[in-house]
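Residue-level structural notes
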Amino acid sequence: MTSVPRLVIAAPSSGSGKTTVATGLMAAFAARGLAVSPHKVGPDYIDPGYHALATGRVGRNLDAYMCGPELVGPLFVHGARGCDIAVVEGVMGLYDGAAGEGELASTAQVAKLLRAPVVLVVDASSQSRSVAALVHGFVSWDPEVRVGGVILNKVASDRHEEMLREALESVGVPVVGVLRRAPQVDVPSRHLGLVPVAERQGEAVAAVAAMAAQVSEGCDLEALWGLARGAGDLACVGWDAGEALFSSPPPPLPVPSLGAAAPRPPLSALKGPRPQTPDGPGVPGGASEVIVAVAGGAAFTFSYAEHVELLRAAGAEVVVFDPLRDEQLPDGTRGLVIGGGFPEVFGAELSANEPLRKSVAALAGSGAPVAAECAGLLYLGRELDGRPMCGVLDAGARMSDRLTLGYRDAVAVSDSSLAVAGTRMRGHEFHRTVVEPGAGASSAWGVRGAERRVEGFVQRGVHASYLHTHWASAPGVARRFVERCLTS
């Protein structure tokens, strides 16, 4: 059971200003001495980086498609443990979710699962009285979603603000913020969305500070704090990596053929320095038995916090290294995890680090477990846009104009260091590259999305795929991976 105050920041559509408002609100509350728990609906890896910068805590995802609706509450409680308030940034439009799946994975579904009030961020730049019809529609569409306030974004002038407020009086939803156009808080984007924090640390710090200043000036923080306090008690137990890891998993399935809260003090009463609760539960016990190297740095920024927590719970010592700087894998490495990111942006630097490429190839050649997703897959290949990579897999990769994007249902089609054949998982693809495979490896997944196909590579201890997965949905993969590290 948790009664932590919480808000969901949503919008009618993408591009309305959710990230600016959510990140600025997190930073504004944190600046007032509150321990803020940051969350993001959906599979996005980049926004949580800005959330972490704003709060000093790890940004965590709440994805009802990849993890299932039943894990949204437990993962939220896990992340919000010890915090004064939680801010959840939505995804796309409030009611947008997985294609063809109704409300599944939508911000609206997550708000209902968390019993959390919604603040609707509306881009008011090209409307006046019509804003009332827009907000009314979102308020009335699903009576179970409680829209508790509106923040008007990109307001042009005092007169524009006056017209918008007058129109919204008839809707009965309070205006809790008005933000003027402020290009200085914009975060640069490129082919796959915002530029990650790790690539622009100094600029990102300044951008988050500007967001916090804008939100503090334009929003009624006391009203938002009061709204957050109105969230209902959430009757669920927080997710725990150790308990999840050793719970009995369901048996693998056959491989299919492919074709309102208690009163709390006002915000002002909580201002002032507060000690930060360490993020994550930690894992009790003795010394770790095996070193698992996890790729980090600017080129590999896509990772869910729960992956590392599960590896540690399984007995691994996790050591993060930077493929752009480190010339060798950490001493004693027995397993390697390479998540997603932007190797195409750093292709020249990754290729130039020949000593590390050879170190990775040697580890994989020894049969040690290697798990790679998306960017990790490209890094393990023979080449990327003509530049030599690690050469672990006989596959070349190149940038393309086509965006591959969407949720996927997947089933393991080969035994690997992550899963036995028949293991089912859900994942997400998001890339603009194409891999042209050679020979010598089995497929990793049978995938069903817009089409049915096999995808990825299994080769000795290597499991490499475009599919991003959330291991909290199938914690047995982390246990299996560490066990393989001990026996390989």
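**Section: the pairing of strand 17 (residues 424-437)**
As judged from the 13 bridges shared by strand 16 (residues 395-412) and strand 17, these two strands associate in the antiparallel manner. Its bridge partner being in strand 17, A410 is matched across the sheet by M425. Pairing geometry for strand 17 and strand 22 (residues 468-469), over 2 bridges, is antiparallel. Residue pairing across strands places H428 opposite H468, the latter belonging to strand 22.

**Digging into the pattern of salt bridges**
As enumerated under the stated definition, the model contains 19 salt bridges in all. For E306, the salt bridge is made with R60, and the minimal N-O distance between the two is 3.1 Å. Overall, the relative accessible area of 3% leaves R60 in the buried class. The salt bridge involving R453 is made with E429; its shortest N-O contact spans 2.3 Å.

**Structural notes on the environment of L104**
Locating L104 in the fold gives a position in the loop between strand 4 (85-89) and helix 4 (107-114). Relative accessible area serves as the criterion here: at 12%, L104 is assigned to the buried category. Residues in contact with L104, not counting those within four places in the same chain, are A64, Y65, P69, G97, A98, Q109 and R426.

**Notes on the confidence of the model for the protein chain**
Predicted confidence across the protein chain gives a mean pLDDT of 89, with 89% of residues reaching 70 or more. Residue range residues 250-265 is modelled with pLDDT below 50. Its contacts to residues more than four positions away, or to other chains, number 37 contacts. Segment residues 270-288 is flagged for pLDDT under 50; beyond a separation of four residues in sequence, or across chains, it makes 33 contacts in the model.

**Notes on the nonpolar core**
Soluble, globular proteins show a tendency: their nonpolar side chains are buried together. Judged by nonpolar contacts, the single largest core of 121 residues is most densely connected at F29, F76, L152 and L311. A per-element tally of this core places helix 1 (residues 18-31) first, with 7 residues. In terms of nonpolar packing, the next biggest core, distinct from the first, is built from 36 residues, L393, A395, V435 and Y466 among them.

What counts and what doesn't
- Residues numbered from 1 in each chain as written.
- Predicted model: local features only at pLDDT ≥ 70, side-chain atom pairs only at ≥ 80, totals over all residues.
- Heavy atoms only, no water.
- Pairing = 2+ DSSP bridges.
- Helix = DSSP H or I, 4+ residues; strand = E, 2+ residues; numbered from the N terminus.
- Salt bridge = Lys/Arg side-chain N within 4 Å of Asp/Glu carboxyl O.
- Buried < 20%, exposed > 50% of the residue type's maximum accessible area, 1.4 Å probe, protein only.
- Contact = heavy atoms within 4.5 Å.
- pLDDT = per-residue confidence, 0-100.
- Core = buried A, V, L, I, M, F, W, Y, C linked by side-chain atoms within 4.5 Å.

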